[in-house]
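# Descriptive structure summary
The chain contents come next:
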Amino acid sequence: MPPLLVLAGTLVGIAAVRWAFRTAGRINQELDEVRTAIFAEPQPAEIPTLRLDPVTGAYRPG
(Lines give C-alpha, C1' and ligand atoms only; values in the text may rest on other atoms or scores of the structure.)
Protein backbone atom coordinates (compact mmCIF):
# COMPACT_ATOMS: atom_id res chain seq x y z
CA MET A 1 0.00 0.00 0.00
CA PRO A 2 2.74 2.58 0.75
CA PRO A 3 4.29 2.29 -2.75
CA LEU A 4 0.85 3.03 -4.20
CA LEU A 5 0.58 6.17 -2.03
CA VAL A 6 4.04 7.30 -3.14
CA LEU A 7 3.06 6.81 -6.77
CA ALA A 8 -0.20 8.69 -6.28
CA GLY A 9 1.60 11.52 -4.48
CA THR A 10 4.19 11.73 -7.24
CA LEU A 11 1.51 11.91 -9.94
CA VAL A 12 -0.37 14.62 -8.03
CA GLY A 13 2.87 16.56 -7.59
CA ILE A 14 3.69 16.34 -11.28
CA ALA A 15 0.18 17.50 -12.19
CA ALA A 16 0.46 20.46 -9.78
CA VAL A 17 3.81 21.52 -11.23
CA ARG A 18 2.50 21.30 -14.79
CA TRP A 19 -0.55 23.37 -13.86
CA ALA A 20 1.59 26.01 -12.13
CA PHE A 21 4.00 26.16 -15.09
CA ARG A 22 1.18 26.60 -17.62
CA THR A 23 -0.54 29.22 -15.46
CA ALA A 24 2.69 31.19 -15.03
CA GLY A 25 3.28 31.07 -18.79
CA ARG A 26 -0.23 32.30 -19.52
CA ILE A 27 0.08 35.15 -17.02
CA ASN A 28 3.46 36.21 -18.45
CA GLN A 29 2.04 36.18 -21.97
CA GLU A 30 -0.89 38.38 -20.92
CA LEU A 31 1.48 40.79 -19.16
CA ASP A 32 3.68 41.01 -22.26
CA GLU A 33 0.62 41.83 -24.40
CA VAL A 34 -0.38 44.60 -22.01
CA ARG A 35 3.15 46.02 -21.94
CA THR A 36 3.39 46.14 -25.73
CA ALA A 37 -0.07 47.72 -25.96
CA ILE A 38 0.90 50.42 -23.47
CA PHE A 39 4.14 51.29 -25.25
CA ALA A 40 2.50 51.15 -28.69
CA GLU A 41 0.20 54.06 -27.82
CA PRO A 42 1.64 57.44 -28.76
CA GLN A 43 2.71 59.37 -25.69
CA PRO A 44 1.96 63.08 -25.50
CA ALA A 45 5.01 65.08 -26.49
CA GLU A 46 4.52 67.65 -23.77
CA ILE A 47 2.50 67.66 -20.59
CA PRO A 48 0.41 70.84 -20.52
CA THR A 49 1.09 73.12 -17.58
CA LEU A 50 -1.42 75.26 -15.74
CA ARG A 51 -0.88 78.95 -15.24
CA LEU A 52 -2.75 81.27 -12.92
CA ASP A 53 -4.92 83.80 -14.75
CA PRO A 54 -4.42 87.07 -12.82
CA VAL A 55 -7.81 88.45 -13.89
CA THR A 56 -10.05 85.55 -12.86
CA GLY A 57 -7.75 83.78 -10.41
CA ALA A 58 -8.42 80.46 -12.16
CA TYR A 59 -5.80 78.06 -13.44
CA ARG A 60 -5.79 77.68 -17.22
CA PRO A 61 -3.61 75.67 -19.61
CA GLY A 62 -0.81 77.78 -20.90
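Described in the following lines is the structure provided in the data block. (Residues numbered from 1 in each chain as written. Predicted model: local features only at pLDDT ≥ 70, side-chain atom pairs only at ≥ 80, totals over all residues. Heavy atoms only, no water.)

## As for the overall build of the chain
The secondary structure content of the chain amounts to one helix and two strands. Its helices and strands taken in sequence order, the chain reads α-β-β from the N to the C terminus. In terms of C-alpha radius of gyration, the chain reaches 28 Å, well past the compact-globule figure of 11 Å for 62 residues. In terms of its C-alpha atoms, the chain occupies a principal-axis envelope of roughly 90 × 25 × 10 Å. Looking at the chain residue by residue over its 62 residues, the buried ones come to 3%. (Helix = DSSP H or I, 4+ residues; strand = E, 2+ residues; numbered from the N terminus. Rg over C-alpha atoms; globule rule 2.2 N^0.38 Å. Buried < 20%, exposed > 50% of the residue type's maximum accessible area, 1.4 Å probe, protein only.)

## Quick look at a nonpolar patch on the surface
On the surface, a nonpolar cluster with roughly 670 Å² of combined accessible area is contributed by Met 1, Leu 4, Leu 5, Leu 7, Leu 11 and Ile 14. The residue Leu 4 is located in helix 1 (residues 2-40) in this model. The exposed category is assigned to Leu 4, whose relative accessible area is 54%. (Patch = residues over 30% accessible without salt bridge, like charges linked within 9 Å, V, L, I, M, F, W, Y side chains within 5 Å. Areas by Shrake-Rupley, 256 points an atom, 1.4 Å probe, with all protein chains shown as cover. Salt bridge = Lys/Arg side-chain N within 4 Å of Asp/Glu carboxyl O.)

## Some points on the side chain of Asp 53
Relative to the assigned elements, Asp 53 resides in the loop between strand 1 (50-52) and strand 2 (59-61). There is a polar contact of 3.2 Å between the side chain of Asp 53 and the side chain of Thr 56. Apart from the residues within four sequence positions on either side, Asp 53 is in contact with Ala 58 and Arg 60. (Polar contact = N/O pair within 3.5 Å; in protein donor to acceptor, adjacent residues only side chain to side chain. Contact = heavy atoms within 4.5 Å.)

## Let's talk about the pattern of salt bridges
Once their charged atoms are close, side chains differing in charge can pair, the charge on each being opposite to the other. Counted according to the given criterion, the structure contains three salt bridges. Put simply, Glu 30 and Arg 26 hold a salt bridge, and the shortest N to O gap is 3.3 Å. Remark: Arg 26 and Glu 30 occur in helix 1; sequence separation between them is four residues, near one turn of the helix. Arg 35 is the partner of Asp 32 in a salt bridge, and the nearest nitrogen-oxygen pair spans 3.2 Å. Of this pair, Asp 32 and Arg 35 both sit in helix 1, three residues apart, which is roughly one turn of that helix. Exposure remark for Asp 32: the relative accessible area of 43% places this residue in the partly exposed category.

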